Amino acid sequence: QGFSTWLAGGGVKGGMIFGETDEFGHKAVVDPVSPNDYHATVLHLFGLDYAKLVYHNNGLEQNITDNKPCRVVKEILKHSPIAG
């Protein structure tokens, strides 16, 4: 329920830590970021709108986030040239 990742360049603020896990590193307790939030943020950095990105699965168009709530984590971005 908690994960760590390292991002560098590409519009991400340098030298920062975002969020915290509990004392065991098991669960996010401060500023949690879901996997869908992470994907939406990376897609945003690529210049793609996660809400419009779909894939085809057995003839169906499905949203990349499976229509689950997500957000672009703007707190880690240097600036946000694309609204989203």
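Everything below is about the structure printed above this text.
Note that the structure is a prediction, hence the values are computed from the model and not measured. Throughout, a residue's number is its position along its own chain's written sequence, starting from 1. Confidence filtering applies because this is a predicted model: local features only for residues at pLDDT of at least 70, side-chain atom pairs given and counted only at 80 or more, and all residues used for totals across whole chains, interfaces and linings. Computation of side-chain values: all heavy atoms of the structure, hydrogens and water removed.

1. Some words on the pattern of salt bridges
Here a salt bridge means any side-chain nitrogen of Lys or Arg lying within 4 Å of a carboxyl oxygen belonging to Asp or Glu. This structure, assessed with the given rule, holds one salt bridge. A salt bridge links Glu75 to Arg71; the nearest nitrogen and oxygen atoms lie 3.2 Å apart.

2. Observations regarding the environment of Val54
Its location among the elements puts Val54 in strand E3 (residues 54-57). The buried label applies to any residue whose accessible area, calculated with a 1.4 Å probe on protein chains only, is under 20% of its type's maximum; exposed applies above 50%, and partly exposed to all values in between. Val54 gets classed as partly exposed once you look at its relative accessible area, which sits at 34%. C-alpha separation for the pair Val54 and Val12, spaced 42 residues apart in sequence, amounts to 25 Å. The contact criterion used is simple: two residues touch if any of their non-hydrogen atoms lie within 4.5 Å. Setting aside residues up to four positions removed in sequence, Val54 forms contacts with Glu61, Gln62 and Asn63. By the criteria applied, helices consist of DSSP H or I runs no shorter than four residues and strands consist of E runs no shorter than two, each listed in order from the N terminus.

3. Details of helix H1 (residues 35-45)
Within the span of H1, buried status applies to Asn36, Asp37, Ala40, Thr41, Leu43 and His44. All buried residues of H1 lie within an arc of 165 degrees about the axis, which places them on one face of the element. Among the residues trailing H1, Gly47 stands out with phi positive, at a value near 85 degrees. Each direction from the helix axis to a C-beta atom contributes to the arc, which is the arc of those directions.

4. Side note on the nonpolar core
What makes a nonpolar core is a set of buried Ala, Val, Leu, Ile, Met, Phe, Trp, Tyr and Cys residues whose side-chain atoms join them at distances within 4.5 Å. Core analysis: the largest hydrophobic core is formed by eight residues, namely Ala40, Leu43, Tyr50, Cys70, Val72, Val73, Ile76 and Leu77. In this view, Leu43 contacts Leu48, Tyr50, Leu53 and Ile64; residues no more than four positions away in its chain are not counted.

5. Quick look at the packing of aromatic side chains
A pair of Phe, Tyr and Trp rings is counted when the ring centres sit within 6.5 Å of each other, with Trp represented by its six-membered ring. The angle between the planes then sorts it: under 30 degrees is stacked, over 60 is edge-to-face, the rest tilted. According to the stated counting rule, one finds one aromatic pair in the structure shown. Here the aromatic rings of Phe3 and Tyr38 are separated by 6.2 Å at their centres, their planes lie at 80 degrees, and the arrangement is edge-to-face. Here the residue Phe3 occupies a position in the segment before strand E1 (20-21), and Tyr38 occupies one in helix H1, the gap between them amounting to 35 residues. A relative accessible area of 25% means that Tyr38 is categorised as partly exposed.

6. Structural notes on the environment of Phe18
Position of Phe18 among the secondary structure elements: in the segment before E1. Phe18 has contacts with Asp31, Val33, Arg71, Val73, Glu75 and Ile76, leaving out every residue within four places of it along the chain.

7. Considerations on the side chain of Asp37
Among the structural elements, Asp37 can be located in helix H1. The residues touching Asp37, leaving out its near neighbours within four places in the chain, are Pro32, Pro69, Cys70, Arg71 and Val73.

8. Observations concerning the pairing of strand E4 (residues 60-63)
Taken together, the four bridges between E3 and E4 define a ladder with antiparallel strand orientation. Paired with Asn57 across the strands is Leu60, a residue of E4. DSSP calls a pair of strands paired once it identifies at least 2 bridges connecting them. Following E3, the chain reverses through two residues before pairing antiparallel with E4; Asn58 in that reversal takes a positive phi of roughly 55 degrees.

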